[in-house]
Amino acid sequence: MRWLRRNLLRIIAFLVVAYLFIPIAVIMVLSFNKPSGKYNITWNEFSLDGWTNLCGVPGVCSSFVKSIEIGLFSTIVATVLGTMVAFALVRYRFRGRSTTNLLIFMPMATPEVVMGASLLALFLNLRFPLGELTVIIAHIMFIISFVVVTVKARLQGMDPRLEEAARDLYSSPRAVFRYVTFPLVLPGILGAALLGFSLSFDDFIISFFNAGTLVTFPIYIWGAAQRGIPVQVNALATIVFLVALAIVLIGQFVAYRRRRSLESTAIVAEESLATVDTLGRS
Amino acid sequence: MVAVVPSAAQATPAAVAQRSSKTGYVLLIPGMAWLTVFFAIPFITLFLTSLQAPIAGKSGKYQPAFQISNYSDALAEYWQLYIRSFVYAGIATALALLIAYPLAYYIAFKAGKWRSLMLVLVIAPSFASFLLRTYAWKTILADEGWITSVMNFLHLLPDDRILNTGLAVIAGLTYNFLPFMILPLYAALEKIDPRVQEAASDLYASPATTFRKVTWPLSLPGVVAGTLLTFIPAAGDYINAQLLGSTADRMIGNAIQINFIQFRDYPTASALSVMLMVIILVLVFTYIRRAGTEELV
């Protein structure tokens, strides 16, 4: 009893983590299933069909590749634009700072369905054809904010003395940026890009509103949910999960060895604290 | 709220002097132009679309107008879905807070060297598709599954089932947005100086009193941020209602999606979106103001 009281918090914490992983376990287990009916919901029989024949069902792999393509392109553009904004916010004085901050914060506080609907209203009124381009435009839009807050936090957390030292040693402004500032900010930029890609790759609501006839991986899953999701989808989702986990763990390991471990998601969370704080004061 | 937690900006030593030159604007303008054109201006077109009137004889075609009745008509048809959305999102947010707090507390104060690994574990489930994770709850909450059986054995379920009821939708919302609650809570708790808690116990405060008088008030900024980051997406979500609920459990997001994409009734869908956004903004600002002032007392 005493043991239970002393370890209660630890037990609850581990139960919550386990709870977070229950659906992941279900997805993985069902990737080895041979469904009895059309819906892959209950366990029937062990099978490797999903894994040996990954592209066996039409549409699965093409939508998967499409999502990677859209994710890569949107992430690159949004990371460049967002990093530039973050530098401007931290290093330069300009007019309209509070409007800028609001415009960066709002996309993170707007329900996706409203963002998807309003962007669709714009494209419809302009008679702009829906498709890959409109989805990419939308993804860049909602990734930018996450990049700005992540890179901004990194820039603000940097020791200004490092750059001062470089300047004292007669480095040109260009050299200071190239050899001191940029390498120090790079982990933040990479973290932001990783977060941006995962947001884009997994986005359903905003994409669905602006996709027209384009089918991304989440849109494929949505359509398949009505008539039964093929086991291949579970196998691909398992692969994505494991690859992403490996990348983050390697990143953590590298960060740990360099004695700075800041998770980009934790920064976003922290930034949301700061913003709510400012809004509360205004 | 002012003195409680320094924001990230204030925590660092006064950074490099800010320069004022054209470069600042050059860096700023491309990104901000993108957000203006594809985030801010669409709100204006959304509002204009919500007032459009149908062109007689052409279905799915609309012309600029000032038809305010779109709003009253939409509200008359869908008011229940607004209430349901906010009730479901509210319950899910409260449950998420209850579940997330002990874990965030554990990571911030007790996890030691496992801290960053545990943070990775919190965000890792998001790497598996949102739709598939939601779909997986169909398996977990299935009628013949053990959760439903145990709860039926205890006579806890009014409809003898969880799947295809509001309970499943709330369970899905709670699960899906939990990381958005854990991370801000952790960020706020992690900033608390353990010496403040030690001081409280040195002054003979019981662990419960220390929590109630010291830890909980200091973590309030995280509670506010976490509840907002959970409540807002949950209120607008329609994936959980569609995959886990029955047609009687639809939320406002379902109505917006169906009107926009299936019915092509753009004015109604736009009016519904505008009202959702306005209600959320009003709720959020009232909440932040209240939370802010209560904390200063």
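Residues numbered from 1 in each chain as written. Chains lettered and ligands numbered in written order. Predicted model: local features only at pLDDT ≥ 70, side-chain atom pairs only at ≥ 80, totals over all residues.

Novice: So what's going on with the overall build of chain A? Which residues, and what values?
Specialist: Of the regular secondary structure elements, chain A holds 12 helices and zero strands. Beginning at the N terminus, the succession of helices and strands in chain A can be written as α-α-α-α-α-α-α-α-α-α-α-α. Viewed in the frame of its principal axes, chain A has a C-alpha envelope of about 70 × 70 × 40 Å. In chain A, buried positions account for 46% of the 282 residues. Looking at chain A alone, contacts between residues at least 24 apart form 78% of all its contacts between residues at least 6 apart. (Helix = DSSP H or I, 4+ residues; strand = E, 2+ residues; numbered from the N terminus. Buried ≥ 20, exposed ≤ 12 C-beta atoms within 10 Å, placed from the backbone. Contact = placed C-beta atoms within 7 Å.)

Novice: How would you explain the interface of chain A and chain B if you had to name every residue and give the values?
Specialist: Interfaces are frequently sized by the accessible area removed from exposure as the parts join. The interface of chain A with chain B comprises 87 residues on the first partner and 96 residues on the second. Taken together, the residues that form the side of chain A that touches chain B break down as 61 nonpolar, 15 polar and 11 charged. (Nonpolar A, V, L, I, M, F, W, Y, C, P; charged D, E, K, R; others polar.)

Novice: Describe the environment of Ile22(A), and please don't skip the residues or the numbers.
Specialist: When you line up the elements, Ile22(A) lands in helix H1 (residues 2-30). Expressed as a C-alpha distance, the spacing of Ile22(A) and Ile68(A), which sit 46 residues apart in the sequence, is 26 Å.

Novice: Hey, could you go over the environment of Ala171(B) for me, with residue numbers and the actual values?
Specialist: All names here are of chain B. Take Ala-171: it is sitting in helix H7 (residues 166-176). For Ala-171, a count of 21 C-beta atoms within 10 Å translates into the label buried. Linking Ala-171 and Ala-96, residues 75 residues apart in sequence, is a C-alpha distance of 9.8 Å. With near-sequence residues (within four places) excluded, Ala-171 lies in contact with Trp-137 and Leu-141.

Novice: Give a description of helix H8 (residues 178-190) of chain B that names residues and reports values.
Specialist: The end-to-end C-alpha separation of H8(B) is 18 Å, in line with the 18 Å expected for 13 residues at 1.5 Å each. Of all 13 residues in H8(B), 11 are buried, a share of seventy percent or more. (Expected span 1.5 Å × (residues − 1).)

Novice: Give a description of the packing of helix H6 (residues 132-156) of chain A against helix H8 (residues 173-202) of chain A that names residues and reports values.
Specialist: Residue and element names in this part refer to chain A. Running from amino to carboxyl end, H6 crosses H8 at an angle of 155 degrees, the nearest separation of the two axes being 9 Å. Taken as axis vectors, H6 and H8 run roughly antiparallel relative to one another. H6 and H8 meet at a crossing whose hand is right-handed. Here H6 contributes His-139, Phe-142, Ile-143, Phe-146, Val-147, Thr-150, Val-151, Arg-154 and Leu-155 to the contact with H8, which in turn contributes Val-185, Gly-188, Ile-189, Gly-191, Ala-192, Leu-195, Gly-196, Leu-199 and Ser-200. Its residues placed into classes, the contact of H6 with H8 shows 11 nonpolar, six polar and one charged. (Axes fitted to C-alpha atoms, helices over the stretch in contact; angles between N-to-C directions. Parallel < 35°, antiparallel > 145°, perpendicular 65-115°, else oblique. Left-handed = near helix turned anticlockwise from the far one by under 90°.)

Novice: Before we move on, can you summarise unusual backbone geometry with the specific residues and values?
Specialist: Of note, Arg127(A) is a non-glycine position whose phi angle comes to about 55 degrees, a positive value. Residue position: Arg127(A) is located in the loop between helix H5 (112-125) and H6.

Novice: Describe the confidence of the model for chain B, with residues and values.
Specialist: Note: predicted coordinates in regions of low pLDDT should not be interpreted at a detailed level. Residues and elements named next belong to chain B. Looking at chain B, pLDDT values average 89 and 92% of them are 70 or higher. Across residues 1-15 the pLDDT falls below 50, and counting only partners more than four positions away or on other chains, this stretch makes 32 contacts in the model. Model confidence for the complex is summarised by a pTM of 0.89, with the ipTM given as 0.88. (pLDDT = per-residue confidence, 0-100.)

Novice: Go over the nonpolar core, please, and point to the residues and values.
Specialist: Core analysis: the biggest nonpolar cluster contains 158 residues, and Val85(A), Ala117(A), Ala100(B), Ala104(B) and Ile182(B) have the highest contact counts within it. Among the elements that make up this core, the one with the highest residue count is helix H3 (residues 69-109) of chain B (16 residues). Apart from the residues lying within four places of it in its own chain, the contact partners of Ala100(B) are Leu178(B), Met181(B), Ile182(B), Leu185(B) and Gly226(B). (Core = buried A, V, L, I, M, F, W, Y, C linked by C-beta atoms within 7 Å.)

Novice: Outline the packing of H3(B) against H7(B), supporting the account with residue identities and numerical values.
Specialist: Residue and element names in this part refer to chain B. Here H3 crosses H7 at 50 degrees, and the two axes come no closer than 8 Å. Considered as vectors, H3 and H7 are oriented oblique to each other. Taken as a pair, H3 and H7 cross one another with a handedness that is right-handed. Between H3 and H7, the residues in contact are Tyr-88, Ala-89, Ile-91, Ala-92, Leu-95 and Ala-96 and Gly-166, Val-169, Ile-170, Leu-173 and Thr-174, respectively. Here the contact of H3 with H7 is built from residues that sort into nine nonpolar, two polar and no charged.

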